[in-house]
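# Fold and geometry: a report
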Amino acid sequence: MEIFAYRNKAQSVEEGFKAEDLPALLADESNLVWVDFLGETDEEINRAKDILLNVFKFHPLTIEDCLETRNQPKVEAFPDYLYFIVHGIKPEITNSTNFVTKELDGFLGKNFVVTFHTERFQSIKFVKQQIRNSTFVCRRGAAYLLHQILDQLVDLYMPVVDDFDDSINDLEERVFAMRKGNDAILEEIMDLRRAVTRLKRISARQLDVLYRISHGEFPQIPETVLPFYRDVYDHLLRISDLSENYRDLVSGLFDIHFSVVANKTNDIIKFLTIFSAIWLPLSFIAGVYGMNFENMPELKTRSGYFVVLSVMGLVTAVLLVYFWRKGWIFERKKDNSNNG
Amino acid sequence: MEIFAYRNKAQSVEEGFKAEDLPALLADESNLVWVDFLGETDEEINRAKDILLNVFKFHPLTIEDCLETRNQPKVEAFPDYLYFIVHGIKPEITNSTNFVTKELDGFLGKNFVVTFHTERFQSIKFVKQQIRNSTFVCRRGAAYLLHQILDQLVDLYMPVVDDFDDSINDLEERVFAMRKGNDAILEEIMDLRRAVTRLKRISARQLDVLYRISHGEFPQIPETVLPFYRDVYDHLLRISDLSENYRDLVSGLFDIHFSVVANKTNDIIKFLTIFSAIWLPLSFIAGVYGMNFENMPELKTRSGYFVVLSVMGLVTAVLLVYFWRKGWIFERKKDNSNNG
Amino acid sequence: MEIFAYRNKAQSVEEGFKAEDLPALLADESNLVWVDFLGETDEEINRAKDILLNVFKFHPLTIEDCLETRNQPKVEAFPDYLYFIVHGIKPEITNSTNFVTKELDGFLGKNFVVTFHTERFQSIKFVKQQIRNSTFVCRRGAAYLLHQILDQLVDLYMPVVDDFDDSINDLEERVFAMRKGNDAILEEIMDLRRAVTRLKRISARQLDVLYRISHGEFPQIPETVLPFYRDVYDHLLRISDLSENYRDLVSGLFDIHFSVVANKTNDIIKFLTIFSAIWLPLSFIAGVYGMNFENMPELKTRSGYFVVLSVMGLVTAVLLVYFWRKGWIFERKKDNSNNG
Amino acid sequence: MEIFAYRNKAQSVEEGFKAEDLPALLADESNLVWVDFLGETDEEINRAKDILLNVFKFHPLTIEDCLETRNQPKVEAFPDYLYFIVHGIKPEITNSTNFVTKELDGFLGKNFVVTFHTERFQSIKFVKQQIRNSTFVCRRGAAYLLHQILDQLVDLYMPVVDDFDDSINDLEERVFAMRKGNDAILEEIMDLRRAVTRLKRISARQLDVLYRISHGEFPQIPETVLPFYRDVYDHLLRISDLSENYRDLVSGLFDIHFSVVANKTNDIIKFLTIFSAIWLPLSFIAGVYGMNFENMPELKTRSGYFVVLSVMGLVTAVLLVYFWRKGWIFERKKDNSNNG
Amino acid sequence: MEIFAYRNKAQSVEEGFKAEDLPALLADESNLVWVDFLGETDEEINRAKDILLNVFKFHPLTIEDCLETRNQPKVEAFPDYLYFIVHGIKPEITNSTNFVTKELDGFLGKNFVVTFHTERFQSIKFVKQQIRNSTFVCRRGAAYLLHQILDQLVDLYMPVVDDFDDSINDLEERVFAMRKGNDAILEEIMDLRRAVTRLKRISARQLDVLYRISHGEFPQIPETVLPFYRDVYDHLLRISDLSENYRDLVSGLFDIHFSVVANKTNDIIKFLTIFSAIWLPLSFIAGVYGMNFENMPELKTRSGYFVVLSVMGLVTAVLLVYFWRKGWIFERKKDNSNNG
């Protein structure tokens, strides 16, 4: 638990307070207090629960929700405070095309912001750094401080979203470059689909939350701060739009993989057909002259063998010309699109 | 029929009442009465009907709906009470990827909760246990007691939903591992699709009901209890979102099954083509020297046979190199994705 | 044209009135009059037109709509009456998976119900029987009488909808059981798709109509009767939900048919490949020893022929083992799903 | 430009007025004036522009829109008049499954209707005929006259929509009847898809316009005329619903074409496989006895040749039975669906 | 930075002002000032920032958004001005089926328009030309001037949208004309899909912005100018509708490509089958008479060889007739659709 307080329009933000100092800090409405709980151990969670219940006196149900994970993003208004759940995302370490979500719970009051999370957030670390360096953010009040946290959190979506773009392009290139139907690429496409679907779901819920916060529904957010929230909303809207886009493109990857395999199968069958079409008649001719009839005049001629060899050559040539005219071999130039 | 009553802010909840006691219990508004009907036999159903009609004097149409099954989830407000239908789900015994729904009908009045069901509900059993152990739930009134039942009922959705997740992952793995197009897997995917579609439909209707209950539309739910209902709503929202997700993934399974089969067909055809391409020319060469022309100079040479065998070996080698360069055999290393 | 009247809270409903009696019957507001027109012939239609125009004085446009068929379900309010169009459905005689719609037009006034239809409705026949047996329905007024008709009409949707369920299951089974790609099954699937799409369209429009009627928009429906209309609405909602479901499942049938055919093609090609792969090398070996070179030492050995036959057996065995290891023949047991 | 005027409740509608007569005609509010511009030449368009600007004094922007084509259907209210754009459709001459749209612009005022179009409309011609025959339409005022035009225009959608139905059925039949994958049918399906998509788009926009007109948004339409507009709206709604339906069915045609081709490919491959499976072993047997080993005891037997021929017959018979049992040839009767 | 001012209802628009002149120009409410920033270099951007912040005193957040790129179209109202972001599009130079977007930020006040862009806009250049030639636009005020810019900007969407139409038609033709499955065409279809998806996304957001501007939400737009904005909105609506259309058609291209490849594969396999079916039995016959049995009576007959050759000819003829009757070769005339 870390407590930050900005008191008496001071030159700097103080920190290092204890739980016991909280009631006094909160009592003075001109202070701004930020309590950030990191619930990594059961002990930390219990301590947080105790403070949320006894010092802040939040609704027991929201405290329960707050300490749990696996919740949906939401925002709920109470007379004195706002309770919200948002999700941060970060790339999965072992799989660059996937990501994991982290839940950030919080409360916004007149002069306080409370945040609770069981995993470390880069965005929160960054905002702490910011308020240590300058009182600019804190001077603007609790709602602005919270905006700053959410803004950083949403900004960290962008690299993940950009990764998707790269992954889709990369997969598309590999699909076109592949030499044969490739189950491994299919698995990657399915993984991507899963991830994009999740991103869409998460950003849609989050968008709901930010829409409600940024459109003046809650008196806890002063009107002067609303434009800043709308800005966060706009960023998230872009992410949500993109994830919708990606879904389309990923399902296009399936179509393409499938079509490329169909093209390859077509190529192979064509090869088989041409090959068979050439050798089968030649073998037949050889077979005819392998027959053991006593009376086969050709067999006795001097040049019979060579004539037959020439006929075989001729048959081959005719067939090659036939396939060439059909466009099956040695593609003709007037075919304006060529096959990589 | 089981009747529970919490009277005079007593230390414990009483049970074991008879139908005759109901009018007196209900008359005192400070009591909280829960009547739970289990309509397993026609006799039980008729008895329930009698009590609902003559003691509680509910609208005849709602009583009819209540005693029937095969209804949609819904909630209807009457001046003195609320009538609702919700569905519980449990996994089907014979088929882990499917589930069956059970209808729970009920009425919520100022000081009473009535529940009717033709099948046993684990959630109701659990809440009974809870109120036997502690008066905590009953002290908070009828609406809170009902919330407790619904909360337990919705919680039991989660294991079913998690099973879907496992089933999809398991099926995906099996699709990638399958050695050939597999109708049995297709049947399983279709079953899953059916089940997920049903889950989506059921949770969507249920969501409607809980939305209306939890957003202050009905005066029967005091405002202090609303956050608890919103909590149930949030859980259901998560389930509904997930089932939407699953639908996408299941229809992705079809695509994958299809693509994997296409890949396998492609592999087989390639094998056939390579095989034919090697043996056909060899057979032709053998056929040529099987011809019976009298004048075939090669036949008389000492080493003709061995030269021809060598030529056959050469042709085979050339073809193998050709296919290897085409990437059809002995995949080259620079192909960065390999096929399991 | 049949006229029913319930007068002076009588013991029974009277019938057998003539058109001339209508003005007197309608003038007394305590009567309930039901006029049911069956417009099977032009003469009947013209007579109905005359009465609707001159006795009831309905809006000319609604009368025109009423006498036509091919209209969408709708409801329109006029100061003194409500005009509605709904559709009944019945299975097509020649094709159990299809159904035909029948238009029922009608008017609801303070003390009258007018129904017009060009085809016979089982639901109307049933309600007539009901009011002949008991005055219960009529005592509750015109809106309740109309509700009774609509309730019966919607109830008759259910068998058709259940038939769809059976048809889909039956088709799915036949797709999995089919021995080859089957155009006839495809045609049936397409017919089913057509029928389900129609059902969805029709029930969606009908739902609109019943939503508006059952949610208190029209003063012609007294509030005490609204719950009965909501009950009809709920039934229709279930039908509409199911038809949405069926659409999904039917389009799944296409996917499955296609995948099953792909599996079968894969099986056949595998068979062809294995067959060719075994006979081609054997034929080649036979071809080699069919060559006519003078110097082929093997030919002169005593056991050459038998050695070659053994080699041929060996080649076959090696190939069979190879295919067995590839999983193409004699499926190995560890493959946990088997192909019907 | 044709001008029609209905003056002083006269017995007939007058026509043949000049542009100069318009101000006088319009000044008398008891007149009804219909000015119909046909802008086939630039000169006509300029003349129309002049009158719209100087006599009617419409908003310059609407006049610009009015004289252009390629606009979306819309309706806009101005204090004294209503400006609307609607589209008529007619079948394309060269291609029965396609249609062309024609833009009809117009203005509705208290006592006038102005219509402008660059192509001839059958519906307008028809309404002109109607008002020449009877003053019935004109007596009911400007809004009713406009309704009459729109009603006729929407009625002419119906034949086109019915043509789609026929085209889809016809194409479906031809897909099932086709003997091989057919690019020409694919092209027709794609054309139909294009046309249906367009119809859906056009009718959707038009529906918007008629919804707004028919639901009392504009004071220019008296309430007594609204039911007539709602009637037009209902017709359009049916067309819009049908076009949505058709879209589904057309995309089903793609699926079917594809499946039918897959079935045919399956049939062909099966044929190839059976053929190869029969001749390959026979050829092998012949090959074996074509070998030139000196010591091949069978060759010397009297009946060796005939025994081998019999063995060949036996092999063929065994294979045929095998394929018959697999259901690949001579379909067995218990297969209840047969392939056309 | 270019500054235009229209002062004192002058005969012409003045330009060439410096940043220092701005406060004076803006102070007089009867002036109309247009400041157009082109932020191609960092220096220009900084200068713009300075003026926006210190002279116009816009909200810092909007200035930040304004100077950034990669924003979504949006419009935000402030008490004294409106802030908007719109996107222009232009075809990509290297790829005619793709396009790039350019962000245009701007502010609209009572007597000023501010535009900021980092790339050159043809539409802005055109409007500058227009106001240099005539004061017509400026006389109508700031809102009209902005309308003029947006109108030009949206007009430049049209050529890009028309290009899509051409690209789709062109691709469709090439798909039908292609001689084999073609990865290059697939890549083009995928590129088109990407571009159309983007167009849809961008025009949808833009439509939102223009809807809000043109429907009287903002007091900065006088009511007399609203119809002009609605006109721009209508143009954009058409573009948005078309892009929705194109998406459908592009995804149809995938289906068609796939079906055409399936047809081609079918053709090739049919060719292979026919070829094999003819040569395999002929080779078998030759093989039979190549056997070395001592007792093969036919071999000794005079005409045996010629009889066998005739039998071979007969077999070939029978097979050809068989395939012809099956419709596999020499398509019969009654097949009314022919394959290009």
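Overview of the structure. (Residues numbered from 1 in each chain as written. Chains lettered and ligands numbered in written order. Predicted model: local features only at pLDDT ≥ 70, side-chain atom pairs only at ≥ 80, totals over all residues. Heavy atoms only, no water.)

### Comments concerning a nonpolar patch on the surface
Heads up, the rule is: Surface patches are defined over residues having more than 30% relative accessible area and no salt bridge, joining like charges when they lie within 9 Å and nonpolar side chains (Val, Leu, Ile, Met, Phe, Trp, Tyr) when within 5 Å. The Shrake-Rupley method, run with a 1.4 Å probe, gives the accessible areas here. Residue values count only the displayed protein chains as cover. Counted as salt bridges are all cases of a side-chain nitrogen of Lys or Arg within 4 Å of a carboxyl oxygen of Asp or Glu. Only DSSP runs of H or I with at least four residues qualify as helices, and only runs of E with at least two residues qualify as strands; both kinds are numbered from the N terminus onward.
A cluster of nonpolar side chains, Val321(A), Trp324(A) and Phe330(A), forms an exposed patch at the surface whose accessible area comes to about 320 Å². Looking at the element boundaries, Phe330(A) is found in the segment after helix H11 (304-325).

### Quick look at the pairing of strand E6 (residues 99-109) of chain A
Residues and elements named next belong to chain A. So the rule is basically this: Per-residue accessibility, obtained with a 1.4 Å probe over protein chains only, is compared with the maximum for each type, and a residue is labelled buried under 20%, exposed over 50%, and partly exposed between these values. Paired strands, as defined in this entry, are two strands with at least two bridges between them according to DSSP.
Within E6, nine of the eleven residues are buried, which leaves it mostly tucked inside the rest of the structure. In this sheet, E6 lies alongside strand E5 (residues 81-91) in antiparallel orientation, the contact comprising eleven bridges. The residue bridging Leu82 from the neighbouring strand is Leu108, located in E6. Alignment of E6 against strand E7 (residues 112-117), held across five bridges, turns out to be antiparallel.

### Thoughts on the relation of the copies chain A and chain B
Rules: Superposing copies: least-squares fit, C-alpha atoms only, residues required to have pLDDT of at least 70 in both. Pairs of residues are marked as contacts when any of their non-hydrogen atoms sit within 4.5 Å.
Mapping chain A onto chain B leaves a residual RMSD of 0.1 Å; the transformation is a rotation of 72° accompanied by 0.0 Å of translation along its axis. Between the two chains, the operation in question is that of a five-fold axis. Residue Gly290(A) of chain A places its C-alpha closer to the rotation axis than any other residue of that unit, at 4.7 Å. A share of only 19% of the interface residues of chain A reappears at the interface of chain B, consistent with the copies meeting through non-equivalent patches.

### Side note on the environment of Leu53(E)
All names here are of chain E. In this fold, Leu53 is placed in helix H2 (residues 42-54). A relative accessible area of 36% places Leu53 in the partly exposed class. Through-space distance from the C-alpha of Leu53 to that of Ile63 is 7.4 Å; in sequence the pair is ten residues apart.

### Quick word on helix H11 (residues 304-325) of chain C
Operational definition: An expected span of 1.5 Å times one less than the residue number is assigned to each helix. By construction, the arc corresponds to the directions joining the helix axis to the C-beta atoms.
For H11(C), with 22 residues, the first-to-last C-alpha span of 31 Å sits near the 32 Å given by 1.5 Å per residue. For H11(C), the full list of buried residues reads Gly304(C), Tyr305(C), Val308(C), Met312(C), Thr316(C), Leu319(C) and Phe323(C). Taken around the axis of H11(C), the buried residues stretch over an arc of 125°, which confines them to a single face. Those residues of H11(C) that are exposed and aimed more than 90 degrees away from the buried face are Leu314(C), Val318(C) and Arg325(C). Buried positions along H11(C) lie against helix H9 (226-288) of chain B, helix H9 (226-288) and helix H10 (297-300) of chain C together with helix H9 (226-288) and helix H10 (297-300) of chain D.

### Some thoughts on the interface of chain E and chain D
Under the convention used in this document: Here a polar contact is recorded for every N or O atom pair within 3.5 Å, except that within protein the pair must consist of a potential hydrogen donor and a potential acceptor, and residues adjacent in sequence are included only if both atoms are side-chain atoms.
Between chain E and chain D, the residue contacts involve 67 residues of the former and 59 residues of the latter. Among the salt bridges present, the one from Arg205(D) reaches Asp241(E), with a minimum N-O distance of 2.6 Å. For the interface between chain E and chain D, the tally reads 16 residue pairs in polar contact (both at pLDDT 80 or more). At the level of secondary structure, the elements contributing two or more residues to the side of chain E that touches chain D comprise helix H7 (157-177), helix H9 (226-288), helix H10 (297-300) and helix H11 (304-325) of chain E.

### Considerations on the nonpolar core
How we decide: Here the nonpolar core consists of buried residues drawn from Ala, Val, Leu, Ile, Met, Phe, Trp, Tyr and Cys, with membership extended through side-chain atoms lying within 4.5 Å.
Core analysis: the biggest nonpolar cluster contains 375 residues, and Ile221(A), Ile221(B), Ile221(C) and Ile221(D) have the highest contact counts within it. Grouped together as the second largest cluster of nonpolar side chains are 130 residues, Leu319(B), Ile269(D), Tyr305(D) and Ile268(E) included.

### Points about unusual backbone geometry
Leaving glycine out, the prevailing phi sign among residues is negative, and the prevailing peptide bond configuration is trans. Residue and element names in this part refer to chain A. Unusually for a residue other than glycine, Lys57 sits at a positive phi of about 55°. Topologically, Lys57 is positioned in the loop between helix H2 (42-54) and helix H3 (60-67). With relative accessibility at 61%, the residue Lys57 sits in the exposed group.

### Some thoughts on the interface of chain A and chain B
Quick note on the threshold: Once two parts are brought into contact, the accessible area they lose, counted with a 1.4 Å probe and summed over both, makes up the buried area.
Listed by partner, the interface residues are 59 residues for chain A and 67 residues for chain B. Summed over both sides, the interface of chain A with chain B buries roughly 5800 Å², with 58% coming from carbon and sulfur. Run the count over chain A and chain B and you get seven salt bridges. Here Asp234(B) ties to Lys74(A) by a salt bridge, and the two come within 2.5 Å at their closest N and O atoms.

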